[in-house]
Amino acid sequence: YEFTRAITRRPGQSITRGLRAVDTGAPDLDLMLAHHADYVATLREAGATVTELPPLEDFPDALFVEDTALCLPEGAVLMRPGAPSRLGEVAHMAPVLRDLYADVRVIEGPGFIEGGDILTTGREVLVGRSARTDAAGVAELATILKDWGRPLREVATPPGVLHFKTDCSLLDGETVLSTERLAASGCFEGYRVILTADGEEAAANAIRFNRFVLMAAGFPATAERLRRAGYEVREIGNSECAKLDGGMSCLSLRL
Ligand code: CIR
C-alpha cells in the first residue's frame, strides 16, 4: 500500500454505454469528471505522481484501468479481460507499462483474468474466480508469479458480485476491509478484518494509498469504523462510477 505512482484514465462521452449489471440510469459525465479530478488530486496529495491518460471513446469502460494489468514491484502483468468489450483496452495500457517496467508479462489466453479480481497483500496474491476470471486465467497468472516468488491463492468471488475486490480492499499489510458475505467464505483467515457496516457493502471497494484510505462517499458508518481503527479516510464522490459497478480501486493502477 506504499506507492509512488498511479495511472488513471479520464472518462469520455461513451461512458453512457459502459457495462453494468443493473441499469440505474445513465452516468453524468460532468459529475463523473469532477469526482475523477478529486480522486486524482487526492492521490497527488498522498504523494503520487499521477499519469492521466486521455479517454478512449471506443472503450466505454476504459476509465477502469485496474482491470487491464497487475502492477507489482517485480514487474507488470497485462491482463486478459473476460468482458469482450474490454479486451482491446489492454493494448492501450501496454506501452504505458512498458515505459515504466523492464519486465512486462502478458496473459496470452485462452483463459481470462481481470485486475479487479486480484488483491495483493503483504504475504500473497489472492485471486477471486468470477464471471470475468476463469481457472485458466488464474493458472496462467500463477505461473508468472511463481517466477517472481509470489504465492497465489485462488478464492471465490461471491455469486452476483462483479469482482473479488468489489467486496474487499487492503488497508495495510495484514488488514482488509471486507463485506460480511465475502469474509464469511473464510478467505481472510489469518488477516485482521474490518467489516463494512450493514447496508454499506458498496464501501468495500476502497484503496489504501500511502497515508490515506480513499473510499466512496456516502457510507458514514463504515468511514467511522475505519477512522476509529486509526486510518486517515478521504471520501470521494462515486455516484456516477457506481452506476457502472466501478469504485475506488478500479480507477487506478498503483505502483
Ligand atoms: C465493467 O463491468 O467492467 C465496468 N463497468 C466496471 C469495472 C469495475 N472494475 C473493477 O471493479 N476493478
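All of these numbers come straight from a predicted model, not from anything done at the bench.

## Regarding the site of the ligand
(1) Moving on: Taken together, 13 residues sit near the ligand, with Asp-61, Arg-86, Arg-132, Leu-244 and Cys-250 positioned nearest.
(2) Moving on: Between Leu-19 and the ligand, the recorded distance is 2.9 Å, taken from a backbone N or O atom to a nitrogen atom.
(3) Moving on: A distance of 2.9 Å separates an oxygen atom of the ligand from a polar side-chain atom of His-163.
(4) Moving on: When isolated, the ligand has an accessible area of 350 Å², and the protein chains bury 99% of it.

## Overview of the sheet that holds strand E5 (residues 104-106)
(1) Moving on: Spatially, E3-E4-E5 is the arrangement adopted by the three strands of the open sheet, whose pairing is mixed. The sheet is open, and its two borders are formed by strand E3 (69-72) and E5, each paired with just one other strand. Adjacent strand axes in the sheet meet at a mean angle of 15 degrees when their direction is disregarded.
(2) Moving on: On the sheet, helix H3 (residues 135-147) packs against E3, strand E4 (75-78) and E5 and is oriented at approximately 155 degrees with respect to E5.

## Focus on the side chain of Arg-132
(1) Moving on: Relative to the helices and strands, Arg-132 resides in the loop between strand E7 (125-129) and H3.
(2) Moving on: Overall, the relative accessible area of 14% leaves Arg-132 in the buried class.
(3) Moving on: Separated by 3.0 Å, the side chains of Arg-132 and Glu-114 make a polar contact.
(4) Moving on: Setting aside anything within four residues of it in sequence, one finds Arg-132 in contact with Leu-19, Gly-82, Ala-83, Arg-86, Phe-112, Ile-113, Glu-114, Asp-117, Leu-162 and His-163.

## With respect to the sheet that holds strand E10 (residues 175-178)
(1) Moving on: The mixed open sheet is built from three strands, whose spatial order is E9-E10-E11. Each of the sheet's edge strands pairs with one partner strand only, and the pair in question is strand E9 (168-172) and strand E11 (192-195). Each neighbouring strand pair of the sheet contributes to a mean axis angle of 30 degrees, computed without reference to strand direction.
(2) Moving on: Here E9 pairs with E10 via four bridges, running antiparallel. Looking at the pairing, Leu-170 lines up with Val-176 of E10.
(3) Moving on: Sheet strands in contact with helix H5 (residues 220-228) are E9, E10 and E11, and its direction is about 145 degrees off that of E11.

## Examining the confidence of the model for the protein chain
(1) Moving on: On average, the protein chain scores 97 in pLDDT, and the residues at 70 or more come to 100%.
(2) Moving on: Overall fold confidence for the complex sits at a pTM of 0.97, while the interface term, ipTM, reaches 0.97.

## Here we look at the packing of aromatic side chains
(1) Moving on: This structure, assessed with the given rule, holds three aromatic pairs.
(2) Moving on: Plain terms: the ring middles of Phe-3 and Phe-209 are 5.1 Å apart, the flat faces sit at 35 degrees to each other, and that makes the pair tilted. Of the two residues, Phe-3 is situated in the segment before strand E1 (5-9) and Phe-209 in strand E12 (residues 207-209); the sequence distance between them amounts to 206 residues.
(3) Moving on: For Phe-3, a relative accessible area of 22% puts it in the partly exposed group.
(4) Moving on: For the ring pair Phe-188 and Tyr-191, a centre distance of 6.3 Å and an interplane angle of 85 degrees mean the geometry is edge-to-face.
(5) Moving on: Tyr-191 gets classed as buried once you look at its relative accessible area, which sits at 9%.
(6) Moving on: What links up through ring pairs into an aromatic cluster is the set Phe-164, Phe-188 and Tyr-191.
(7) Moving on: Here the basic side chain of Arg-123 rests over the ring of Tyr-191, its NZ or CZ set 3.9 Å away from the ring centre.
(8) Moving on: Lying over the aromatic face of Phe-212, Arg-234 brings its terminal NZ or CZ to 4.3 Å of the ring centre.

## Side note on the pairing of E9
(1) Moving on: The buried count for E9 comes to five of five residues, which makes it a mostly enclosed element.
(2) Moving on: Taking the residues that link successive antiparallel strands as the turn, the E9-E10 hairpin has two residues.

## Quick notes on the side chain of Asp-167
(1) Moving on: Tracing the backbone shows Asp-167 in the loop between strand E8 (152-156) and E9.
(2) Moving on: Separated by 2.6 Å, the side chains of Asp-167 and Arg-181 make a polar contact.
(3) Moving on: Among residues more than four places away in sequence, those in contact with Asp-167 are Pro-158, Val-161, Leu-177, Ser-178, Thr-179, Arg-181, Leu-182 and Ala-204.

## Overview of the pattern of salt bridges
(1) Moving on: Enumeration according to the criterion identifies 19 salt bridges in this entry.
(2) Moving on: Arg-234 serves as the salt-bridge partner of Glu-45, at 2.7 Å between the closest nitrogen and oxygen. Here Arg-234 lies in strand E14 (residues 232-236) and Glu-45 lies in helix H1 (residues 29-45), a separation of 189 residues in the sequence.
(3) Moving on: According to the relative accessible area criterion, Glu-45 is partly exposed, its value standing at 39%.
(4) Moving on: Arg-234 gets classed as partly exposed once you look at its relative accessible area, which sits at 27%.
(5) Moving on: The residue Arg-105 makes a salt bridge to Asp-147 at a minimum N-O spacing of 2.8 Å. Taken as a pair, Arg-105 in strand E5 and Asp-147 in helix H3 lie far apart in primary sequence, 42 residues in all.
(6) Moving on: Taking the relative accessible area as the measure of exposure, Arg-105 reaches 23% and is therefore partly exposed.
(7) Moving on: Using a relative accessible area of 55% as the deciding quantity, one classes Asp-147 as exposed.
(8) Moving on: Here the residues in one salt-bridge network are Arg-10, Arg-44 and Glu-52, joined through shared partners.

Reading the values: rules and limits
- Residues numbered from 1 in each chain as written.
- Predicted model: local features only at pLDDT ≥ 70, side-chain atom pairs only at ≥ 80, totals over all residues.
- Heavy atoms only, no water.
- Near = heavy atom within 4 Å.
- Polar contact = N/O pair within 3.5 Å; in protein donor to acceptor, adjacent residues only side chain to side chain.
- Areas by Shrake-Rupley, 256 points an atom, 1.4 Å probe, with all protein chains shown as cover.
- Pairing = 2+ DSSP bridges.
- Helix = DSSP H or I, 4+ residues; strand = E, 2+ residues; numbered from the N terminus.
- Axes fitted to C-alpha atoms, helices over the stretch in contact; angles between N-to-C directions.
- Contact = heavy atoms within 4.5 Å.
- Buried < 20%, exposed > 50% of the residue type's maximum accessible area, 1.4 Å probe, protein only.
- pLDDT = per-residue confidence, 0-100.
- Phe/Tyr/Trp six-rings, centres within 6.5 Å; stacked < 30°, edge-to-face > 60°.
- Lys NZ or Arg CZ within 6 Å of the ring centre and 35° of its normal.
- Salt bridge = Lys/Arg side-chain N within 4 Å of Asp/Glu carboxyl O.

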